[in-house]
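# Structural overview
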Amino acid sequence: MRRSITTRLVLMFAVAALAAFLLIGAALQSVLSRELERHQYEELNTTLVSLRYWIQAIGTPERWARVRARMDALSPEDGSVRFWVLSDDPRFQYGKGLAEIDGLTREADGRGSDILLPGQERPFRTLSAHIPPLDDRPAVRLIVGRNSEPYTRTRETFLTALLALGLGAVLVVAISGYWIARVGLRPLERLSDEAQALRPKTLSQRLQTTALPVELSALTEAFNGALARLEQAYAQLEAFNADVAHELRTPLANLIGGTQVALSRSRSAPELEEMLASNLEDLERLRSIVNDMLFLARADRGELATGRVRTPIADEVRKTIEFFEFVLDDTGMQVRIEGDMALQAQLETALFRRAMSNLLQNAIEHSEAGAVLTVALQEEGAATWIRVSNPGDPIAPAHLPLLFDRFYRVDAARRGQGEHHGHGLGLAIVKAVAAMHGGQVGATSADGVNTFGFSVASGAEVSED
Ligand SMILES: Nc1ncnc2c1ncn2[C@@H]1O[C@H](COP(=O)(O)OP(=O)(O)OP(=O)(O)O)[C@@H](O)[C@H]1O
Ligand SMILES: [Mg+2]
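Here the structure is a predicted model, which is why all the values come from computation and not from measurement.

Moving on: the site of ligand 1. Every one of the 22 residues lining ligand 1 counts as a neighbour, but Asn362, Arg409, Gly422, Gly426 and Leu427 are closest to it. Split into classes, the residues belonging to the shell around ligand 1 amount to ten nonpolar, ten polar and two charged.

Next up, the structure:
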């Protein structure tokens with residue numbers, strides 16, 4: 001069951017208050033009973049002492065009559081205080097049911113004991129004293145008894161009052177707990193209102209962290225961090241959409257323009273053929289953009305290269321270079337392979353060659369005729385790096401990490417031999433291929449040499465994360 005924080009707090013407050021009250025109540029109750037008992041015995045003792053003092057001085061049956069009168073006077077109507085004098089001589093006796101009292105209090109001499117008199121609900125509390133003989137009077141035993149009923153009633157009243165008070169207090173604590181929780185949780189309500197007002201258009205807004213309790217500000221900051229990342233991703237996506245549209249627009253405009261011109265008057269078959277051939281070029285360009293985009297989307301989803309087999313890397317590099325033989329011959333360029341020729345890795349060769357040829361193509365495009373390009377193979381930790389270098393104009397460090405982003409181009413740097421006008425996805429694909437092989441990408445530009453490289457995990461397995 002989902003319970004609100006308020007309910008939980010109120011419950012906890014109530015339980016805590018109840019526990020505190022029970023504790024205090026139990027303590028008070030025990031102090032009170034002890035005090036009441038002490039008081040009772042003190043009263044009994046006072047009466048006992050004064051009567052004993054009296055009886056001590058009396059030794060004849062004549063004067064005993066005065067003792068009786070005195071005791072009668074001291075016994076209240078309701079029978080809550082009683083006296084007994086036990087004696088072997090019936091002339092010096094006092095009280096009702098003496099035989100019974102004798103039996104009940106025989107053991108408890110001096111110190112009081114509770115006895116239950118016949119016909120009484122509550123026990124009597126008693127104290128007794130021995131009084132030595134005098135003249136005609138034998139030794140007697142004096143017992144003073146007091147009904148414990150009033151004390152018990154006091155205790156019960158106290159207990160009832162305590163319980164009522166306790167319940168009241170728990171109620172008050174629960175109500176104030178509810179109020180405290182509501183006030184305390186108000187910042188949370190405000191936050192949730194703010195969060196609810198967030199829309200894609202207002203992603204740049206942040207939840208306010210000022211005036212928030214410490215406990216919430218950490219959460220809010222984390223949330224704001226997530227918002228920032230979301231905003232960035234959203235902005236990238238928007239920019240990406242714009243880029244895609246932009247990239248597709250040129251070939252489409254070419255296609256439409258060319259077709260319109262061709263249709264503007266009647267054409268001969270060779271003319272139409274030429275136009276179709278030119279259209280085909282644009283269509284192929286469109287197809288290649290769309291294919292690249294689909295491939296990147298696959299990599300984005302976190303797909304790994306399937307069908308990887310252990311392959312000597314140098315061989316794959318050499319085979320890729322063979323595809324560029326004509327361009328290299330035309331431009332008088334050379335490609336050298338350096339480093340560890342024996343390196344092997346788990347590769348999906350088609351993907352590897354695609355990345356490799358993107359790098360080579362870029363290197364050729366950005367080099368002067370006759371340049372010497374290098375492909376360096378190197379094992380670094382758990383990864384094998386493949387780096388393609390070419391002499392070229394330095395690239396500003398600010399651009400370097402961005403070049404692997406989709407559609408990112410340093411247009412000023414576009415020069416060199418290639419007639420190829422890329423659409424800015426080549427390095428993004430290299431990055432995707434690296435990711436699919438558990439690797440990374442990197443670029444440097446130093447001493448007139450520009451190097452673009454990627455790595456693949458050397459191990460047998462590429463982990464899923
Ligand atoms: N070897 C290099 N020397 C200098 N700049 C480079 C080099 N390789 C890439 N770049 C820069 O990086 C940018 C992005 O390269 P990328 O391969 O992604 O796109 P492209 O070559 O413009 O188009 P595509 O490869 O999709 O046909 C290039 O436009 C260029 O500015
Ligand atoms: Mg390229």
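Bringing unusual backbone geometry into the picture now. At Phe407, a position not held by glycine, the phi torsion is positive, near 65 degrees. Assignment of secondary structure puts Phe407 in the loop between strand 9 (383-391) and helix 11 (426-436). Residue classification places Phe407 among the partly exposed positions, given that 16 C-beta atoms sit within 10 Å. For Asp447, which is not a glycine, the phi torsion comes out positive at approximately 50 degrees. Among the structural elements, Asp447 can be located in the loop between strand 10 (441-446) and strand 11 (449-457). Judged by the 7 C-beta atoms lying within 10 Å of it, Asp447 falls in the exposed class.

A common way to express how large an interface is: the accessible area buried when the components associate. Per the domain assignment, the segments of the chain are domain 1 (5-155), domain 2 (214-300) and domain 3 (309-457). Distance from the C-alpha centre of domain 1 to the C-alpha centre of domain 3: 109 Å.

Remark on secondary structure: sheet strands pair via backbone hydrogen bonds, oriented parallel or antiparallel. The four strands lie next to each other as 1-4-3-2, forming an open sheet whose pairing is antiparallel. The outermost strands of the open sheet, each flanked by one partner alone, are strand 1 (81-87) and strand 2 (113-115). Averaged over all pairs of adjacent strands, the angle between strand axes in this sheet comes to 30 degrees, irrespective of strand direction. Pairing analysis gives eight bridges linking strand 3 (residues 124-131) to strand 4 (residues 140-147), with the strands arranged antiparallel. Residue pairing in the sheet places Ser128 in a bridge with Ile143 of strand 4. Across the sheet, helix 1 (residues 5-56) touches strand 1, strand 3 and strand 4, and the angle it forms with strand 4 is around 150 degrees.

Moving on, we get to the packing of helix 10 (residues 349-365) against helix 11. Remark: helix 10 packs on helix 11, axes separated minimally by 9 Å, with the N-to-C direction vectors making an angle of 145 degrees. Taken as a pair, helix 10 and helix 11 cross one another with a handedness that is left-handed. Facing Leu351, Phe352, Arg354, Ala355, Asn358, Leu359, Gln361 and Asn362 of helix 10, the residues of helix 11 in contact are Gly426, Leu427, Ile429, Val430, Val433 and Met436.

Attention shifts here to helix 11. When you tally the buried positions in helix 11, you get nine out of eleven residues, the bulk of the element. Those residues of helix 11 not exposed but buried are Gly426, Leu427, Ala428, Val430, Lys431, Ala432, Val433, Ala434 and Met436. Packing partners of the buried residues in helix 11 comprise helix 7 (269-300), helix 10, strand 10 and strand 11. Within two residues after helix 11, Gly438 carries a phi angle of roughly 70 degrees, on the positive side.

Read from one edge to the other, the open sheet built from five strands follows the order 6-8-9-11-10, with strand pairing classed as mixed. Taken across any chain shown, the strands that pair with only one partner, and hence form the sheet edges, are strand 6 (334-339) and strand 10. Across this sheet, the average inter-strand angle for adjacent strands is 20 degrees, counted without regard to direction. Bridging between strand 10 and strand 11 involves six bridges; their strand directions are antiparallel. Considered in strand 11, the bridge of Val441 is made with Phe454. Against the sheet, helix 8 (residues 313-323) engages strand 6, strand 8 (372-380) and strand 9, with an angle of about 175 degrees to strand 6. Sheet contacts for helix 10: strand 8, strand 9 and strand 11; angle to strand 9, the most-contacted strand, approximately 20 degrees.

Let us now look at helix 10. For helix 10, spanning 17 residues, the distance from its first C-alpha to its last is 24 Å, which sits close to the expected 24 Å at 1.5 Å a residue. Along helix 10, the residues classified as buried are Leu351, Phe352, Ala355, Met356, Asn358, Leu359, Leu360, Asn362, Ala363, Ile364 and Glu365.

Rules used throughout
- Residues numbered from 1 in each chain as written.
- Chains lettered and ligands numbered in written order.
- Predicted model: local features only at pLDDT ≥ 70, side-chain atom pairs only at ≥ 80, totals over all residues.
- Near = placed C-beta within 6 Å.
- Nonpolar A, V, L, I, M, F, W, Y, C, P; charged D, E, K, R; others polar.
- Helix = DSSP H or I, 4+ residues; strand = E, 2+ residues; numbered from the N terminus.
- Buried ≥ 20, exposed ≤ 12 C-beta atoms within 10 Å, placed from the backbone.
- Domains from an automatic or database assignment.
- Pairing = 2+ DSSP bridges.
- Axes fitted to C-alpha atoms, helices over the stretch in contact; angles between N-to-C directions.
- Contact = placed C-beta atoms within 7 Å.
- Left-handed = near helix turned anticlockwise from the far one by under 90°.
- Expected span 1.5 Å × (residues − 1).

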